[in-house]
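In case you want the letters, here they are:
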Amino acid sequence: MRRPFFMMFLSIVMLLSSCGGSSDSSLSKRLEQSLNTFRDEESGAPRLTVPGAVVDVFSSSSSSHTTVPQGMANLETGEEIQEDAIFHLGSISKTFTAAWIMQLDQEGVLSIEDTISRFFSFPNGNNITIRELLSHTSGITSFTSMPEFLPWFAANPYPSPQDILTFMREHPRQSFDPGESYEYSNSNFYLLGLVGETVTGNTWSHEIRARFLDPYNLKS
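Quick notes on the rules
Residues numbered from 1 in each chain as written. Predicted model: local features only at pLDDT ≥ 70, side-chain atom pairs only at ≥ 80, totals over all residues. Heavy atoms only, no water. Salt bridge = Lys/Arg side-chain N within 4 Å of Asp/Glu carboxyl O. Helix = DSSP H or I, 4+ residues; strand = E, 2+ residues; numbered from the N terminus. Buried < 20%, exposed > 50% of the residue type's maximum accessible area, 1.4 Å probe, protein only. Axes fitted to C-alpha atoms, helices over the stretch in contact; angles between N-to-C directions. Parallel < 35°, antiparallel > 145°, perpendicular 65-115°, else oblique. Contact = heavy atoms within 4.5 Å. Nonpolar A, V, L, I, M, F, W, Y, C, P; charged D, E, K, R; others polar. Pairing = 2+ DSSP bridges. Phe/Tyr/Trp six-rings, centres within 6.5 Å; stacked < 30°, edge-to-face > 60°. pLDDT = per-residue confidence, 0-100. Polar contact = N/O pair within 3.5 Å; in protein donor to acceptor, adjacent residues only side chain to side chain. Expected span 1.5 Å × (residues − 1). Arc of directions from axis to C-beta.

Student: An account of the pattern of salt bridges is needed here, citing residue identities and associated values.
Tutor: Applying the stated criterion to the full structure yields six salt bridges. Two residues, Glu207 and Arg211, come together in a salt bridge whose shortest N-O distance is 2.7 Å. Placement of both Glu207 and Arg211 in helix H7 (residues 204-213) is noted, with a separation of four residues, approximately one turn of the helix. Comparing Glu207 with Arg211, the two get one shared label, buried.

Student: So what's going on with the packing of helix H2 (residues 92-106) against H7? Which residues, and what values?
Tutor: It is the contact of H2 with H7, at a shortest axis distance of 10 Å, that shows an interaxial angle of 80°. Classified by the interaxial angle, the pair formed by H2 and H7 is roughly perpendicular. Across the interface between the two elements, Ser93, Phe96, Thr97, Ala99, Trp100, Gln103 and Leu104 from H2 touch Trp204, Glu207, Ile208, Arg211, Phe212 and Leu213 from H7. Residue composition of the contact of H2 with H7, by class: eight nonpolar, three polar and two charged.

Student: Pulling in residues and values, what's your account of the sheet that holds strand S1 (residues 52-58)?
Tutor: Here we have three strands laid out as an open sheet, ordered S1-S2-S3, and antiparallel in their pairing. With one partner strand each, in any of the chains shown, S1 and strand S3 (79-80) form the two edges of the open sheet.

Student: Kindly report on unusual backbone geometry, identifying the contributing residues and their values.
Tutor: In this model, Asn124 sits at a positive phi of 65°, which is unusual for a non-glycine residue. Looking at the secondary structure, you find Asn124 in the loop between H2 and helix H3 (130-134). On the accessibility criterion, Asn124 (32% relative accessible area) is partly exposed. A positive phi is found at His136, a non-glycine position, where the angle reads about 55°. Tracing the sequence through the fold places His136 in the loop between H3 and helix H4 (149-155).

Student: Give a detailed account of the environment of Pro123, specifying residues and quantitative values.
Tutor: As for its placement among the helices and strands, Pro123 is situated in the loop between H2 and H3. Along the chain, Pro123 and His171 lie 48 residues apart, while their C-alpha atoms are 9.3 Å from each other. When near neighbours in sequence (up to four residues on either side) are disregarded, Pro123 contacts Ile128, Arg169 and Pro172.

Student: Lay out the packing of aromatic side chains with the relevant residues and their values.
Tutor: Under the criterion given, the structure shown has seven aromatic pairs. When the ring of Phe149 is compared with that of Phe153, the centres are 5.6 Å apart and the planes differ by 25°; the resulting orientation is stacked. Residue Phe149 and its partner Phe153 are both found in helix H4; the two are separated by four residues, about one turn of the helix. With centroids separated by 5.6 Å and ring planes inclined at 75°, the aromatic side chains of Phe149 and Phe167 adopt a geometry described as edge-to-face.

Student: Quick rundown of the confidence of the model for the protein chain? Include the residues and the values.
Tutor: With 85% of its residues at a pLDDT of at least 70, the protein chain reaches an overall mean of 86. Between residues 1-23, whose pLDDT stays under 50, and residues either more than four places distant or in other chains, the model counts 56 contacts.

Student: Describe the side chain of Ser142, naming the residues involved and giving the relevant values.
Tutor: Along the chain, the position of Ser142 falls in the loop between H3 and H4. Among the polar contacts made by the side chain of Ser142, one reaches the side chain of Thr144 at a distance of 2.8 Å. Apart from residues no more than four positions distant in its own chain, Ser142 is found in contact with Ser185, Asn186 and Ser187.

Student: Requested: an account of H2, with residues and values cited.
Tutor: Here H2 spans 22 Å end to end across 15 residues, near enough to the 21 Å set by a 1.5 Å rise per residue. Ser93, Lys94, Thr97, Trp100, Ile101 and Leu104 are the residues of H2 that are buried. Down the axis, H2 shows its buried residues gathered within 125° of arc, on one side only. Of the exposed residues in H2, those oriented more than 90 degrees away from the buried face are Thr95 and Gln106. The secondary structure elements touched by the buried residues of H2 are H3, helix H6 (186-200) and H7. Immediately beyond the C-terminal end of H2, within one or two residues, lies Gly108, with a positive phi of roughly 80°.

Put into structure tokens, the structure is as follows:
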């Protein structure tokens, strides 16, 4: 069984009135150089390596676009990454989650002024609202940045949503009081997903597919 490796997907959408007279060939070379620089710099960052990346550049002056793949899709086999490589969705899921929660608010299923404790128990849950989760002003520290998380994840590589919730409950961290500041936190949107699942009785994936992917024919 092939072992998966972490890869980073760069989808750079550039609305260019012109490409400065550059041909697709010269643009590809410039993108290759930029990717080389990016991967060299990011590979020196703590806990982050970028074995493979794909860049798309779209131009408003034409219907075509330039795609540059670089690096490997598999470090064990040396398989090169391709233009149509499939990547994990990552934080693009936050956009879908926010739209889902706002729809539930419009439908009256929940209110963005509700607190977390309306849906399940959570440390300081009586003082943190859905609105604050959406705007990253809850003060809840991102569980992925906690030093305890990586050892825990190594021991629990396939956690369920409830496992992650249990981890957050057992490691309650507030970077600031709710509503007092701003900090990007994966915990906020993980909790929003759990809130949505609680009130609908469906999984996140079921709801996102039924509300957005299928109706708008989003296939890729």
